[in-house]
Amino acid sequence: MQSRFRDSRWTAAIVGTVVLFVASVVPSPLERHPEWKWVGPDKVLHLVAHAVYAVALADALRGGRFDERQAAVLAVCGSTVHSLVTGRVQERVPGRAFEVADVLASLLGAVLAVGGWYAKNGTGVRNGD
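The structure reproduced in this document is the subject of the present report.

Cut-off values and rules
Residues numbered from 1 in each chain as written. Predicted model: local features only at pLDDT ≥ 70, side-chain atom pairs only at ≥ 80, totals over all residues. Heavy atoms only, no water. Helix = DSSP H or I, 4+ residues; strand = E, 2+ residues; numbered from the N terminus. Expected span 1.5 Å × (residues − 1). Buried < 20%, exposed > 50% of the residue type's maximum accessible area, 1.4 Å probe, protein only. Phe/Tyr/Trp six-rings, centres within 6.5 Å; stacked < 30°, edge-to-face > 60°. Lys NZ or Arg CZ within 6 Å of the ring centre and 35° of its normal. Patch = residues over 30% accessible without salt bridge, like charges linked within 9 Å, V, L, I, M, F, W, Y side chains within 5 Å. Areas by Shrake-Rupley, 256 points an atom, 1.4 Å probe, with all protein chains shown as cover. Salt bridge = Lys/Arg side-chain N within 4 Å of Asp/Glu carboxyl O.

## A look at helix H2 (residues 11–25)
Across its 15 residues, H2 extends 21 Å between first and last C-alpha, which sits within 8% of the 21 Å expected from 1.5 Å per residue. Every buried residue belonging to H2 is among Thr11, Ala13, Gly16, Leu20 and Ser24, and all of these are buried.

## What to know about the environment of Asn121
Summarising the element assignment, Asn121 is placed in helix H5 (residues 100–121). Taking C-alpha positions, Asn121 is 9.3 Å from Arg69, a pair spaced 52 residues apart along the chain.

## Thoughts on the packing of aromatic side chains
Each pair of aromatic rings is reported with the distance of its centres and the angle of its planes. The full count for this structure, using the stated rule, is zero aromatic pairs. Stacked on the ring of Phe98, the Lys or Arg Arg88 has its end atom at 4.1 Å from the ring centre.

## Remarks on a nonpolar patch on the surface
A cluster of nonpolar side chains, Trp10, Ile14, Val18, Phe21, Val22 and Val26, forms an exposed patch at the surface whose accessible area comes to about 470 Å². Judged by its relative accessible area of 40%, Val26 falls in the partly exposed class.

## A look at the environment of Val111
Summarising the element assignment, Val111 is placed in helix H5. Separated by 61 residues in the primary sequence, Val111 and His50 have C-alpha atoms spaced 9.2 Å apart.

Right under this line is the structure:
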């Protein structure tokens, strides 16, 4: 008997939510670099991580009561809210801090990735149909 969770379209989205949150609240052993305020390696990580996360959300949302356009918008919003919430939680974690640039990098990654996802899937034709 197979687990429903393993086959669920939500598996990647749930795992992504947990992994992003845990990675965001682990105390940083590295020293903060003020010169990385707007550009730095952490911004690239935010961009890539939220790009992948937003596509997982869009895939999960699309299979339910939402069409591709609604799923795309909700995925970008969900990714951005996740970034904002974890950023606020980081204020209480040693070596971490809330940065607007992190949220903007996350938003940009989500928008670019979901835009590509929508271009591929937004025609109303689903893969395998």
